[in-house]
Amino acid sequence: MGKKNMNEKQSHRSLDWVSQGLDEAVIGARQTLESYLSGSSDPDKLIECRRYLETILASFADTDFSFAILLTEQLIALIDVIIKNNCVSDENAYQALLGGLRQLPNYLVRLRSVQNNKASDIIAVINDVRAAANVPLMVDQKVFSIRHKINKKITVFKSDSVKSHLQSCQSKFKALNTHAENSRSMLDDLCQTFSELMSDYSAAQKFPEDTVNDSIINAVNILTTAASNSSSQLSLAAKYALGNGFDWLGQSGHEKADIDAEQVLRELLFCIALYDSDNAKVQTFKQQYQLLEALNINHPSEVLRLGTPDAETMDIVFESLLSDFVLLKNALEMRAESDTDDASSDNQSGKKLSFEEMASMASTLRYTLQLAQYDSFAKQLIAVESELMSLH
């Protein structure tokens, strides 16, 4: 049987264009896992889910969908970790497993639509699944082509104050990492403690800024800053990268660290690339390392995440966004025209919305933009909403 044709006619969400019965296998895997998570806790459900995933993997035998294959393999590996009770966090593992199962059909629908098998479309999901299984993230040059030269020179920490702050950061991060749902206060606390570490580090360390120590410390600082300023959850990959970053910094207090510094830094940079932040420090850092170019994307919203809604839902979301923006624009124009002496009689006769009503429209737009992963645009709507409320 030859390779499948993406252009064969099927319903928008059907996956049978890949292989007959794939729809049934994907639905079966999800329903079995959801049954397990809903309270049955029957280990046989996980084994059954694994069988469905093996069926899904076999369905890709006559395709060249390498990243769909990779995601499926990672999901099978994660189930094996769960069955063997080797998870760092069961909650994180279940989040990754269910999220990965939901994103696989999303990716295939996108693949059929754009006919471009790009790593960037699904690599964030793959790395979240890998993080949940406690294996290194995929950040090699094939999927994350950093052009910025990474210095491998290491300088040993000598400041007791820096070491003390680092131990505090490790403790706070360990508490944060055990929960799938991030605590905003815990994240802010971690960010503040690391800022204090940065201050002590700058005062105590007198070596030039061409060591990997500087690069990793700066990357951890940027990632915690981006996360604390974001409305989205700290991803599983970001938690994994931060954990490795803190571990490496802890080991750099000795003469020899057994953690690969370049891998640690690349993992941190990968996670920073996925943040849509309007923070000037974060934006400057991303430009310095050309992180969007490294992922071959123009905007972080292009990348599928564990929580990305399915294709049909996103179609509805964008239709709603467009409609709501037009309504708000028309309402503002009508208000501006009605406040001038030469306003037309047609506009005067139309229903004029209050500033409070327009602020409510801006608030709705903000939440919709957050759903669509446009955090920086959502933050701009906060200012619009605030300004409209002040005019009320």
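Everything here concerns the structure above.
Our subject in this report is the structure included herewith. (Residues numbered from 1 in each chain as written. Predicted model: local features only at pLDDT ≥ 70, side-chain atom pairs only at ≥ 80, totals over all residues. Heavy atoms only, no water.)

**Comments concerning the side chain of Ser228**
You can see Ser228 is positioned in helix α8 (residues 212-228). When sequence neighbours within four positions are dropped, the list of residues in contact with Ser228 reads Arg184, Leu187, Asp188 and Cys191. (Helix = DSSP H or I, 4+ residues; strand = E, 2+ residues; numbered from the N terminus. Contact = heavy atoms within 4.5 Å.)

**Some words on unusual backbone geometry**
Within the chain, Asn85 stands out as a residue other than glycine whose phi angle is a positive 60 degrees. The residue Asn134 is not glycine, and still its phi comes out positive at about 60 degrees. The residue Asn134 is located in the loop between α5 (119-132) and α6 (160-177) in this model. What makes Asn134 partly exposed here is its relative accessible area of 44%. (Buried < 20%, exposed > 50% of the residue type's maximum accessible area, 1.4 Å probe, protein only.)

**Overview of the nonpolar core**
Core analysis: the biggest nonpolar cluster contains 102 residues, and Leu108, Phe144 and Ile216 have the highest contact counts within it. Those residues within four positions of Ile216 in sequence are excluded, and the remaining contacts are Gly245, Trp248, Leu249, Ala261, Val264, Leu265 and Leu268. (Core = buried A, V, L, I, M, F, W, Y, C linked by side-chain atoms within 4.5 Å.)

**Some words on the environment of Leu111**
Inspection of the secondary structure puts Leu111 in helix α4 (residues 90-114). Residue class for Leu111 comes out buried when judged on its relative accessible area of 1%. The spacing of Leu111 and Ala68 is 43 residues in sequence and 9.6 Å in space, taken between C-alpha atoms.

**Some remarks on α5**
End to end, α5 covers 19 Å across 14 residues, agreeing with the expected 20 Å (1.5 Å per residue, within 8%). Two residues or fewer after α5 comes Asn134, characterised by a positive phi angle close to 60 degrees. (Expected span 1.5 Å × (residues − 1).)

**Examining the packing of helix α10 (residues 261-273) against helix α11 (residues 280-289)**
Their axes nearest at 10 Å, the elements α10 and α11 cross at an angle of 120 degrees. With respect to each other, α10 and α11 are oriented oblique. Crossing angle aside, the handedness with which α10 passes α11 is left-handed. Where α10 abuts α11, its residues Leu269, Ile272 and Ala273 lie against Phe285, Lys286 and Tyr289. Per-class residue counts for the contact of α10 with α11 are 5 nonpolar, no polar and 1 charged. (Axes fitted to C-alpha atoms, helices over the stretch in contact; angles between N-to-C directions. Parallel < 35°, antiparallel > 145°, perpendicular 65-115°, else oblique. Left-handed = near helix turned anticlockwise from the far one by under 90°. Nonpolar A, V, L, I, M, F, W, Y, C, P; charged D, E, K, R; others polar.)

Any functional reading would require information that these geometric values do not contain.
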